[in-house]
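One letter stands for each residue in the lines below.
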Amino acid sequence: MRAYRTRIHDVMVFEPTVFEDGRGYFFESFNEQRFKEATGEPIAFVQDNQSRSGRGVLRGLHFQVAPKAQGKLVRVLSGEIFDVAVDLRRDSSSFGSWVGEVLSSENRKQLWIPAGFAHGFQVLSDVADVFYKATDFYSPKHERSIRWDDRDLAIQWPDRQLPNVSEKDACAPSFSEYVAHSASSENLP
Ligand SMILES: Cc1cn([C@H]2C[C@H](O)[C@@H](COP(=O)(O)OP(=O)(O)O[C@H]3O[C@@H](C)C(=O)[C@@H](O)[C@H]3O)O2)c(=O)[nH]c1=O
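Bear in mind the structure is a predicted one, so any value in this text is a computation, not a measurement.

Draft legend 1. Local environment of the sheet that holds strand E5 (residues 47–54). Pairing is antiparallel across the open sheet formed by 6 strands, whose spatial order is E1-E2-E10-E7-E12-E5. The strands lining the two open edges of the sheet, one partner per strand, are strand E1 (2–5) and E5. Going from strand to strand, the sheet's axes swing by 20° on average, the running direction of each strand aside. Here 6 bridges tie strand E7 (residues 72–78) to strand E12 (residues 127–134), and the two strands are oriented antiparallel to one another. Paired with Ser-78 across the strands is Asp-129, a residue of E12.

Draft legend 2. Main features of the site of the ligand. In the region of the ligand, the neighbouring residues are Asn-49, Ser-51, Arg-59, Gly-60, His-62, Lys-72, His-119, Gly-120, Phe-121, Tyr-138 and Ser-166. The set of elements that each furnish at least two residues to the shell around the ligand consists of E5, strand E6 (58–64) and strand E11 (117–123). Split by residue class, the shell around the ligand holds 2 nonpolar, 7 polar and 2 charged.

Draft legend 3. Representation of the pairing of strand E10 (residues 110–113) within the structure. Here E10 shows two buried faces, one formed by Gln-110 and Trp-112 and the other by Leu-111 and Ile-113. With 3 bridges joining them, strand E2 (residues 12–15) and E10 adopt antiparallel strand pairing. In the strand pairing of E10, Val-13 is matched with Leu-111. In terms of strand pairing, E7 meets E10 through 3 bridges, oriented antiparallel. In the strand pairing of E10, Lys-72 is matched with Ile-113.

Draft legend 4. Representation of the sheet that holds strand E9 (residues 98–104). With antiparallel pairing, the 5 strands of this open sheet are ordered in space as E9-E8-E11-E6-E13. Two strands lie at the open edges of the sheet, namely E9 and strand E13 (143–145), each paired on one side alone. Pairs of neighbouring strands in the sheet enclose a mean axial angle of 25°, with direction left out of account. Both E6 and E11 contribute to a ladder of 3 bridges, which runs antiparallel. Residue pairing in the sheet places Arg-59 in a bridge with Phe-121 of E11.

What counts as what
- Residues numbered from 1 in each chain as written.
- Predicted model: local features only at pLDDT ≥ 70, side-chain atom pairs only at ≥ 80, totals over all residues.
- Pairing = 2+ DSSP bridges.
- Helix = DSSP H or I, 4+ residues; strand = E, 2+ residues; numbered from the N terminus.
- Axes fitted to C-alpha atoms, helices over the stretch in contact; angles between N-to-C directions.
- Near = placed C-beta within 6 Å.
- Nonpolar A, V, L, I, M, F, W, Y, C, P; charged D, E, K, R; others polar.
- Buried ≥ 20, exposed ≤ 12 C-beta atoms within 10 Å, placed from the backbone.

Note that all results are geometric; they support no functional claim without further evidence.
Written out as structure tokens, the structure reads:
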């Protein structure tokens, strides 16, 4: 497994070692010991999620606030997505910055998004099955969202067509509205 950091230090990419033979392939999709060594943090996952989306779907930007903030380890079982993490930790030098990575069933990359980040993805294939592990349980009370097309965040989504978003995501507040109306500590893990 290869693990490396992105331009936001705490967001990491994992590339598993794939063993191919006459039968097909094998790889370890998650290894707790290696994950802990690479991140340097004692991270435990408690929930696995899976979603299917068609081309043009954009889900996000989503996060849960403390004490139910979630770290997420995202991968794609079929298809291709552009996966994005936005740093919402107010004490961070990269507060308000984003990083994006193409994840696909072909490249088998995984993106580690720690607690304190918002997460979203855009589907680039006809269908994408996305699977992610989360470090805390779903809690609607702590769930928040920020607009995917926020002007200050200026995320460069690869598909420039107007995406297919949920009603909830279409009404999400802007980044500056969110920052103005939330407690400064709520995104600190
Ligand atoms: C996220 C989630 C949703 N649900 C339910 C609530 C709702 O009825 C239905 C669909 O929920 P949503 O519309 O919020 O699904 P979705 O837009 O796919 O939300 C997800 O987006 C990505 C980007 C993330 O990072 C996730 O954490 C999550 O927020 O599933 C659960 O039961 N458990 C969960 O953990």
